[in-house]
Amino acid sequence: MKPLAPRHRTSARTLLATGLITSLALVSGCAKSEDDTAGKDKSSASQDDQGQVVASPSSGSGPACAIDAYGAKKIDLKSATVGFSQSEKEANPFRIAETASIKAEADKLGVKLLTANAQSQFSKQISDVQDLIAKGADLLVIAPLNSDGWEPVLRSASAKHIPIITIDRKINATACKDYVSFIGSDFVEQGKRAADQMIESTGGKGEIAILLGAAGNNVTTERTQGFEDRIKEKAPGLKIVFKQTGEFAREKGQSVTENLIQSKPGITGIYAENDEMGLGAVNALKGAGKQPGAVKIVTIDGTRNAVQGIVDGWIDGVIESNPRFGPLAFQTLDTFTKGEKVPQDIVIQDSAYTKNNAKADLGKAF
């Protein structure tokens with residue numbers, strides 16, 4: 001069984017309009033950026049340097065959105081001001097890579113970029129986006145902290161007919177009415193692939209725990225759903241005996257795992273819904289005197305530290321969740337603002353890291 005081979009999505013959610021695919025290869029330029037207080041950090045290396053493909057789209061039919069239906073006006077992307085709202089503190093490698101990708105693509109295309117970081121506070125993210133609108137953003141790219149509670153922003157954007165693209169997480173609103181498109185991974189599929197790896201690593205027997213992501217967003221819900229459904233379907237001998245949020249944070253993942261070790265000393269495996277929690281679990285296991293591999297750990301993201309954890313024997317598998325949204329986000333905006341249709345859901349293709357490829361592919365991790 002090779003559950004972790006990269007796979008192409010065949011559902012309607014993976015469909016990308018032909019015009020978007022064609023123009024992915026055509027954009028180029030030089031650039032300018034505003035409100036960039038972070039400067040050029042070490043994570044802003046190009047996507048080519050990182051060795052990963054931003055997305056693997058395919059053309060075909062599916063729910064799409066056109067600018068007339070949305071109620072906006074055509075605009076030249078290079079003359080527009082784009083506002084980017086990051087949700088979380090950039091201590092998380094995923095967020096560092098995500099923001100770097102957005103900034104790098106804006107710089108490459110010569111697009112004026114306004115940025116804001118909500119520092120993991122949802123109320124701040126709402127005010128951040130409203131501030132981006134007030135500063136003159138013509139287009140918005142939002143990495144939402146939560147899925148609910150976006151009504152104030154949607155009203156403000158709608159009043160000015162500002163197109164919105166959401167990346168990584170969805171908002172609970174109506175596509176092609178409240179926002180244009182969502183770009184991100186198939187999170188249910190990620191959970192299923194993590195379960196496949198857990199089944200392979202444990203032999204399908206034992207007691208396992210789930211370190212849940214933060215509440216209030218579709219990523220946590222869908223990664224949990226996919227994992228639990230696949231375990232129930234394929235490995236009835238694996239019992240989920242513990243579930244607790246680690247809030248997508250390393251420190252929280254460590255403290256939750258420390259409690260887990262005390263309450264469930266015979267635990268067989270841990271499914272962490274992101275790498276940071278998984279690395280926290282590794283720290284807890286080390287502190288408890290466990291040996292590498294004594295507890296099977298499967299995570300999702302693809303950070304360099306987690307992939308190194310596979311090489312070192314502490315982690316059994318990492319399902320990639322590619323954070324490099326810049327090229328696809330800007331190309332989606334460009335296609336849409338030219339008057340061409342874009343899919344309402346654009347699902348990217350994610351790879352995976354296992355004991356077979358982790359050492360060789362370490363350079364592809366972020």
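Here the structure is shown first, and the text comes after it.
What comes next concerns the included structure. Every value quoted in this text rests on a predicted model; they were computed, and no experiment measured them.

1. Some words on the overall build of the protein
Next, step 1: What the protein contains, in helices and strands, is 12 helices and 14 strands.
Next, step 2: Contacts in the protein between residues at least 24 apart in sequence constitute 80% of all its contacts with a sequence separation of at least 6.
Next, step 3: Working note: accessible area of the protein is about 14800 Å², and carbon and sulfur atoms make up 48% of it.

2. A short note on helix 6 (residues 151-159)
Next, step 1: Regarding helix 6, the residues found buried are Val153, Leu154 and Ala157. Around the axis of helix 6, the buried residues are gathered within 95° of arc, so they sit on the same side. In helix 6, the exposed residues that point more than 90 degrees away from the buried face are Arg155 and Ala159.
Next, step 2: Two residues or fewer after helix 6 comes His161, characterised by a positive phi angle close to 55°.

3. Quick word on the sheet that holds strand 14 (residues 352-353)
Next, step 1: Strand order in the open sheet made by the 6 strands is 8-7-9-10-11-14, with mixed pairing throughout. Looking at strand neighbours, the two that pair on one side only are strand 8 (238-245) and strand 14, the edges of this open sheet.
Next, step 2: Here strand 10 (residues 296-301) pairs with strand 11 (residues 317-320) via 4 bridges, running parallel. Across the sheet, the residue bridging to Ile300 is Ile319, located in strand 11.

4. Concerning the packing of aromatic side chains
Next, step 1: Evaluation of the coordinates by the stated rule reveals 5 aromatic pairs.
Next, step 2: With a centroid separation of 5.4 Å and 80° between ring planes, the pair formed by Phe122 and Trp150 is classed as edge-to-face. Note that Phe122 is positioned in helix 5 (residues 122-134) and Trp150 in the loop between strand 4 (139-142) and helix 6, a separation of 28 residues in sequence.
Next, step 3: Each ring, one from Phe182 and one from Phe187, has its centre 6.4 Å from the other, and the planes form 55°; the classification is tilted.
Next, step 4: On the basis of relative accessibility, which here comes to 1%, the residue Phe187 falls in the buried class.

5. Overview of the nonpolar core
Next, step 1: Counting 84 residues, the largest nonpolar core has Val82, Leu140, Trp150, Ile167, Ile183 and Phe330 as the members making the most contacts within it.
Next, step 2: Judged by nonpolar contacts, the second largest core, of 16 residues, contains Ile199, Phe227, Tyr271 and Ile319.

6. Quick look at the packing of helix 9 (residues 250-263) against helix 10 (residues 275-287)
Next, step 1: Two numbers describe how helix 9 lies on helix 10: the axes approach to 7 Å, and their chain directions differ by 45°. Compared by their axis directions, helix 9 and helix 10 come out oblique. The handedness of the crossing between helix 9 and helix 10 is right-handed. Residues Arg250, Gly253, Gln254, Thr257, Glu258 and Ile261 of helix 9 form the contact with helix 10, whose participating residues are Glu276, Met277, Leu279, Gly280, Ala281, Asn283, Ala284 and Leu285.
Next, step 2: Each residue belonging to the contact of helix 9 with helix 10 can be placed in one class, and the counts come to 6 nonpolar, 5 polar and 3 charged.

7. Observations concerning the pairing of strand 8
Next, step 1: Judged from the 7 bridges that link them, strand 7 (residues 206-212) and strand 8 form a sheet pairing that is parallel. Following the sheet pairing, Leu211 is matched in strand 8 by Gln244.

8. Notes on the pattern of salt bridges
Next, step 1: Per the counting criterion, the structure on display carries 16 salt bridges.
Next, step 2: In this structure, the salt-bridge partner of Lys177 is Asp178, at a minimum N-O distance of 3.7 Å.
Next, step 3: Note on Lys177: relative accessible area 55%, which makes it exposed.
Next, step 4: Relative accessible area serves as the criterion here: at 19%, Asp178 is assigned to the buried category.
Next, step 5: Two residues, Lys364 and Asp361, come together in a salt bridge whose shortest N-O distance is 3.8 Å.
Next, step 6: When its relative accessible area of 18% is taken as the criterion, Asp361 is described as buried.
Next, step 7: One network of salt bridges, with partners in common, ties together Glu88, Arg95, Glu98, Asp168 and Arg169.

9. Points about the state of the cysteines
Next, step 1: Across all of its chains, the model carries 1 disulfide by this definition.
Next, step 2: In this model Cys65 forms its disulfide with Cys176; the gap between the sulfur atoms is 2.1 Å. Since a negative S-S torsion denotes a left-handed disulfide, the Cys65-Cys176 link at about 80° is right-handed. Remark: Cys176 occurs in the loop between strand 5 (164-167) and strand 6 (181-184) and Cys65 occurs in strand 1 (residues 64-65); sequence separation between them is 111 residues.
Next, step 3: Cys65 sits in the buried class, given a relative accessible area of 0%.

10. With respect to unusual backbone geometry
Next, step 1: Its identity is not glycine, yet Gln119 carries a phi of approximately 55°, on the positive side.
Next, step 2: As for its placement among the helices and strands, Gln119 is situated in the loop between strand 3 (112-117) and helix 5.
Next, step 3: Using a relative accessible area of 33% as the deciding quantity, one classes Gln119 as partly exposed.
Next, step 4: One non-glycine residue, Cys176, lies in positive phi territory at about 65°.
Next, step 5: We classify Cys176 as buried; its relative accessible area is 14%.

Rules behind the numbers
Residues numbered from 1 in each chain as written. Predicted model: local features only at pLDDT ≥ 70, side-chain atom pairs only at ≥ 80, totals over all residues. Heavy atoms only, no water. Helix = DSSP H or I, 4+ residues; strand = E, 2+ residues; numbered from the N terminus. Contact = heavy atoms within 4.5 Å. Areas by Shrake-Rupley, 256 points an atom, 1.4 Å probe, with all protein chains shown as cover. Buried < 20%, exposed > 50% of the residue type's maximum accessible area, 1.4 Å probe, protein only. Arc of directions from axis to C-beta. Pairing = 2+ DSSP bridges. Phe/Tyr/Trp six-rings, centres within 6.5 Å; stacked < 30°, edge-to-face > 60°. Core = buried A, V, L, I, M, F, W, Y, C linked by side-chain atoms within 4.5 Å. Axes fitted to C-alpha atoms, helices over the stretch in contact; angles between N-to-C directions. Parallel < 35°, antiparallel > 145°, perpendicular 65-115°, else oblique. Left-handed = near helix turned anticlockwise from the far one by under 90°. Nonpolar A, V, L, I, M, F, W, Y, C, P; charged D, E, K, R; others polar. Salt bridge = Lys/Arg side-chain N within 4 Å of Asp/Glu carboxyl O. Disulfide = S-S within 2.5 Å.

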